[in-house]
Structures are given as C-alpha cells and as structure tokens.
Amino acid sequence: MISLNDIQKAQEWIASLVVRTPLLTSQTISAEHGNQLFLKSEHLQKTGSFKIRGATHKVLLTANEGAQHVVAASSGNHGQAVAYIARQLGLQSTIVVPEDAALCKQAAIQAYGGKVELFGTNSPERLQRAAQISEENGAVFIPPYDDPAIMAGQGTIGLEIIEQLSDVDIVYVPVGGGGLISGVAVALKELKPTIQVIGVEPALAQDTYLSIQKGERTSIPPTQTIADGLRTSIPGELTFPLVQRFVNDIVLVSEDQIKQAFSLVLSRMKQLIEPSAAVAVAAALAHPPEGKRIVAVVSGGNVDLDRIPSLLV
Ligand SMILES: *Cc1c(COP(=O)(O)O)cnc(C)c1O
C-alpha cells in the first residue's frame, strides 16, 4: 500500500531530476466533443516516458542505501529510464533484454550509459538472469511496476495534474502492470475523491479488466497489441488492490481506435506519442461526456520511425 504522503515525498525527491510535463490542449478536438481535453504530456518527459519518475525515486532510495549497481529486465521504456538515471546518479546499470530485441532499443540503452545483456526470449528467463546478475554483483534489481517506490514515483503525475488543473473531472490512464494507474489514482482520489479515474487497456490485453470483473488477479495468454507497453499478462500483486480500491472503471479500446487516436494527435496537435499512450486519448474520445474537463495521461512517445506508417489511418 502507498499513501498520498509517500507520493508527496517522492515528488520532492525527484523534482530536480524529472520534467514537470505540460498539459497540452486542442481547441478543435475539444470543441468537436463538447468538452475540454488535455494531454498530460509524458512523451515530453526525459527518456520519452513517465517510467523515469518511478525509476528515479527507486534508484535514489537504493543509492542512499549504498548501492552502486542496478539491474533491470526490460528492453523498453523502463530499461531506458533505469539506464539514464543510473548514469545521472553515478551508478552502474545492467539491462537484460531479449536476444531478439530491436537494435535501436539496445542502442538507446547503451547511449544512456547502460550495459546491455542479451538473454533468452521470454520474460521469466530474463527476470531470472537479472536476479542472478544482482546476486553475483551485489547489484539491486529495479522492478518495472510492482514496487511501492516505483508506484509512488509514478503517482507524482497525479499531483501535477491537480496543481495544473484543479477542477479536472475525469482522468484516463493507460494500464499495463498497473504501476502508473495505482500511483496516479491514490494521488487524485486522496486529494479530490470526486475525480473519476478511468483505466484504459487494449481489448487485446484486457487482463486488468477481467481481473476487476472476477474480483481477483487473472492472467491472459501472451498478446500482440500494437500498444507494446501494455502487453503484461497479469496485474501486479501490489498494484491490483489499489486499482480495485481507487479506480472507478476500466474501459477497453480496439487496435483501430488506438491508431485513430495516434493519427489525430499527430495531425492536429503535431505531437508524436506512442500507441501505449494513445489508448488514453482513444478512450477519452470514445466516451465523451459533455462539458467536462478531461485529462488523458499520454504516458510516452517512444516509437520507432519505421513503425509510424503502419499506425496512420
Ligand atoms: C510502462 C508503460 C505503460 C504502463 O505502465 P504500468 O505501470 O505497467 O501500468 C503505459 N505506457 C507507456 C508508454 C509505458 O512505457
């Protein structure tokens, strides 16, 4: 469990190391839907995603306890965030990625100063390898979402939303393992219980949606949604109870809706966001209550340029 106070402390800790991202709006899109839509723009965050918030909080705490080396198992945004912040703080980092990880992702991790370790093709194999490296080197493993320090770091987005738009009515948040939404929901609901917090998943990766319906953590088979940051197959052990308690609803969006939102934000707002972030915009456009102030948490903007044509509609 994390509290509002944990998130407020995290905010002080990480303030000088992460960007306070803007709330961008489009008059035209808002007018078309009869409400006001704002994007909490974590695609403009350092390393191109919100993952740097939780990673910075966790790595700072870890360094304070004397760690000099951190390990993560992710070729995506979390791996890049851990590599980046480790270098900023003068720590070594090793990032375990699948043997078939895209070269551009490996290069991004290396450019941020991380050592790339290729291992296996599935996530349990990589986690085991990361645990082994941690043991051999006295390094500390940095989990992607199921950790109180990570969740509190991600929750700082909720504090900023209220500081930037105190009369916000509805906030849409993408859901993978649930670190982002659990932190954001605690911050928003503790400060202002009337705010509606809505989680969004691709229909192809509906593990949290099903888990909420069943009342227990429920896994789905591996999935290939274009929202690659949301392919987790089961909600986190620590994140799920917070989702159950603080999130009003989980809604699903189709692959087509994700592409439409991606294309709309690119063409109208000139912003390059990634499909995992576009799900929040897609949900905000699909369920438009009139006259409300709506925030979509645009969680990141890391998308390989050669993938862009396949995302346009
Ligand atoms: C990791 C990630 C998510 C999902 O975050 P969780 O904490 O796993 O729910 C959403 N969007 C982007 C861009 C991500 O990198």
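Analysis parameters
Residues numbered from 1 in each chain as written. Predicted model: local features only at pLDDT ≥ 70, side-chain atom pairs only at ≥ 80, totals over all residues. Heavy atoms only, no water. Pairing = 2+ DSSP bridges. Helix = DSSP H or I, 4+ residues; strand = E, 2+ residues; numbered from the N terminus. Axes fitted to C-alpha atoms, helices over the stretch in contact; angles between N-to-C directions. Contact = heavy atoms within 4.5 Å. Salt bridge = Lys/Arg side-chain N within 4 Å of Asp/Glu carboxyl O. Domains from an automatic or database assignment. Buried area = accessible area lost by both parts, 1.4 Å probe.

Caption draft 1: Expanded view of the sheet that holds strand 7 (residues 170-174). Spatial strand order, 1-2-10-7-8-9: 6 strands in an open sheet with mixed pairing. Two strands lie at the open edges of the sheet, namely strand 1 (23-25) and strand 9 (249-253), each paired on one side alone. The average angle at which neighbouring strand axes cross in this sheet is 30°, direction not considered. Direction of pairing for strand 2 (residues 36-41) relative to strand 10 (residues 293-298): parallel, over a ladder of 6 bridges. For L39, the partnering residue across the bridge sits in strand 10 and is A296. Each of strand 1, strand 2, strand 8 (196-202) and strand 9 is contacted by helix 11 (residues 255-269), which is oriented at about 85° to strand 9, the strand it contacts most.

Caption draft 2: Structural view of the sheet that holds strand 6 (residues 140-141). The strand order across the open sheet built from 4 strands is 5-4-3-6, with neighbouring strands paired in parallel fashion. Every interior strand has two partners, whereas the edge strands, strand 5 (115-118) and strand 6, have only one. The pairing of strand 3 (residues 69-72) with strand 4 (residues 92-97) spans 4 bridges and is classified as parallel. Looking across to strand 4, one finds that H69 is bridged to Q92. Against the sheet, helix 5 (residues 103-111) touches strand 4 and strand 5, its axis set at about 145° to strand 5.

Caption draft 3: Broad picture of the pattern of salt bridges. Under the definition given, this model contains 12 salt bridges. Note that K105 and D228 form a salt bridge whose closest N and O atoms lie 3.9 Å from each other. Of the two residues, K105 sits in helix 5 while D228 sits in the loop between helix 9 (207-214) and helix 10 (239-246), which places them 123 residues apart along the sequence. A salt bridge links D167 to R293; the nearest nitrogen and oxygen atoms lie 3.4 Å apart. Of this pair, D167 sits in the loop between helix 7 (148-164) and strand 7 while R293 is found in strand 10, placing the two residues 126 residues apart along the sequence.

Caption draft 4: Examining the domain arrangement of the protein more closely. Considered domain by domain, the protein is made up of domain 1 (4-49 + 147-311) and domain 2 (51-141). For domain 1 and domain 2, the distance between their C-alpha centroids amounts to 24 Å. On the side of domain 2, 20 residues touch domain 1, which itself brings 26 residues to the contact. Taken over both partners, the interface formed by domain 1 and domain 2 buries close to 1900 Å², and the fraction arising from carbon and sulfur atoms is 60%. It is W13, L17 and T47 in domain 1 that bury the most area against domain 2; as a group they hold 32% of the surface buried on that side. One salt bridge in this structure joins E160 and R53, with 2.8 Å as the shortest N-O distance.

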